[in-house]
Structure formats: C-alpha cells, structure tokens
Amino acid sequence: RDQEWITATPGPVVDVAHVAAAIAELAEELDVQGVIGDAYRRPELQAALDELGCAVPLIDHPQGYRKAAGSDLWMPGSVEATENAILERKVRIASSPVLTWNVASVCMVADAQENRKPNKLKSTGRIDGALALIMGVGTVLRGASAERSPEYQLLFV
C-alpha cells in the first residue's frame, strides 16, 4: 500500500462503496466491458454502482468446481485457459510484487476428475490477485475466436 502497488479501502474491511466509486471512475475513462468476481457481496456492489449511475455489468465467476448459472465460467476452465495463455505467450502480465506474492502463495487442489482450482485455505499467503488474474483471463478467453487473438487489457480493482 505505501509503495502504491495496491489501494486499500478505508477501515478494517473492504468498503464496497469505495470499490464502486473506483469502478465508476475507471468506467468514465476506459471502455469497461465488465467486472468479474464471485457472487460474494455482489448485491451490495450492484446497489452501490446503481446509486452512482454506473451501468458496468457484473460478471459472476465461481471460484469452485461448479459453473455459474447460465454461463460456462468455472474455475478449472479458467485455470487451464490462463496456463495455456501464459505458455503460448498470448498474455503479457505487468510486473507487480503483489501479484508475484499472490501467485507464489497459490496452492492448487483437484477433484476426482482432476479439475484444478486454487485453494485459499491451503495457500501460504494472500491469493486474491492470482484469482483475479485467472478469472479475468478465463472470462476473456472463453468467447475468443480462434481466427483472431483478442486484444484486451485487464485491470484489477
């Protein structure tokens, strides 16, 4: 925080109104296509965005083994898509000590079908940035055409 790699919200817990204000500000400057996250506190975030008149879509991305209702998003698919994009050099990730720490802290777990996902409980530190990267890349690439490489910029809020 002091080195400005992350912006903390005021108080001891995440202030959803503060996050909504940051999203609304970015939406004024950039062509924000959506905000990806799990459903936790989504109603609060939606209400705060509505209050600000910000119509950025919120995209649910489950962090478990199940797909989102009416969607093909799920963590194992996004893990695989992210790994492939990195190995095929289809994604560039800006250097960040926070993301480096988050990725180094990830512990993966698998179900009986060997579908893999990061596990927060078994991880050695915070993994929020790694989860955001996986959900963002997985969401962008799920609809990408094989004919043309997508050109997106992901921003973590």
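Residues numbered from 1 in each chain as written. Predicted model: local features only at pLDDT ≥ 70, side-chain atom pairs only at ≥ 80, totals over all residues. Heavy atoms only, no water.

Some words on the overall build of the protein chain
Part 1 of the argument: What the protein chain contains, in helices and strands, is five helices and four strands.
Part 2 of the argument: Going residue by residue from the N terminus, the α and β elements of the protein chain occur as α-β-α-β-α-α-β-β-α.
Part 3 of the argument: Each principal axis of the C-alpha atoms in the protein chain carries an extent, and together these give about 40 × 40 × 30 Å.
Part 4 of the argument: Taking as baseline every contact in the protein chain between residues at least 6 positions apart, the subset at least 24 positions apart corresponds to 54%.
Part 5 of the argument: Counting only carbon and sulfur atoms, one obtains 52% of the accessible surface of the protein chain, whose full area is about 10,800 Å².
Part 6 of the argument: Across the protein chain, 15 positive and 21 negative side-chain charges occur, with their mean positions spaced 8 Å apart. (Helix = DSSP H or I, 4+ residues; strand = E, 2+ residues; numbered from the N terminus. Contact = heavy atoms within 4.5 Å. Areas by Shrake-Rupley, 256 points an atom, 1.4 Å probe, with all protein chains shown as cover. Lys, Arg positive; Asp, Glu negative; His and termini not counted. Charge placed at Lys NZ, Arg CZ, Asp CG, Glu CD.)

Overview of the confidence of the model for the protein chain
Part 1 of the argument: With 90% of its residues at a pLDDT of at least 70, the protein chain reaches an overall mean of 88.
Part 2 of the argument: Confidence, read as mean pLDDT per element, is least for helix α5 (residues 128-142) in the protein chain (91) and greatest for helix α2 (residues 42-52) (97). (pLDDT = per-residue confidence, 0-100.)

Some remarks on the packing of helix α1 (residues 16-29) against α2
Part 1 of the argument: Interaxial distance between α1 and α2 falls to 9 Å at its minimum, and their mutual angle equals 50°. As summarised for this structure, α1 and α2 are arranged oblique, according to the angle between their axes. The two elements α1 and α2 cross, and the hand of that crossing is right-handed. Residues Val-16, Ala-17, Val-19, Ala-20, Ala-21, Ile-23 and Ala-24 of α1 form the contact with α2, whose own contacting residues are Glu-44, Leu-45, Ala-48, Leu-49 and Leu-52. (Axes fitted to C-alpha atoms, helices over the stretch in contact; angles between N-to-C directions. Parallel < 35°, antiparallel > 145°, perpendicular 65-115°, else oblique. Left-handed = near helix turned anticlockwise from the far one by under 90°.)

Focus: the side chain of Ser-78
Part 1 of the argument: Position of Ser-78 relative to the elements: it lies in helix α3 (residues 75-87).
Part 2 of the argument: Take Ser-78: its relative accessible area is 2%, and that puts it in the buried class.
Part 3 of the argument: Among all residues touching Ser-78, those that are not within four sequence positions of it are His-61, Ile-134, Gly-138 and Thr-139. (Buried < 20%, exposed > 50% of the residue type's maximum accessible area, 1.4 Å probe, protein only.)

Considerations on the packing of aromatic side chains
Part 1 of the argument: The full count for this structure, using the stated rule, is zero aromatic pairs.
Part 2 of the argument: Positioned over the ring face of Trp-74 is Lys-67, at 5.5 Å from the centre of the ring.
Part 3 of the argument: Above the face of the Tyr-65 ring, Lys-117 is positioned so that its terminal group lies 5.2 Å from the ring centre. (Phe/Tyr/Trp six-rings, centres within 6.5 Å; stacked < 30°, edge-to-face > 60°. Lys NZ or Arg CZ within 6 Å of the ring centre and 35° of its normal.)

Here we look at the pattern of salt bridges
Two side chains carrying opposite charge are able to pair once their charged atoms lie near each other.
Part 1 of the argument: Under the defined criterion, the tally for this structure stands at six salt bridges.
Part 2 of the argument: Between Glu-88 and Lys-90 there is a salt bridge, and its shortest N-O distance comes to 3.2 Å.
Part 3 of the argument: Taking the relative accessible area as the measure of exposure, Glu-88 reaches 46% and is therefore partly exposed.
Part 4 of the argument: For Lys-90, a relative accessible area of 61% corresponds to the exposed category.
Part 5 of the argument: Between Asp-128 and Arg-126 there is a salt bridge, and its shortest N-O distance comes to 2.9 Å.
Part 6 of the argument: Here Asp-128 falls in the partly exposed class, since its relative accessible area comes to 36%. (Salt bridge = Lys/Arg side-chain N within 4 Å of Asp/Glu carboxyl O.)

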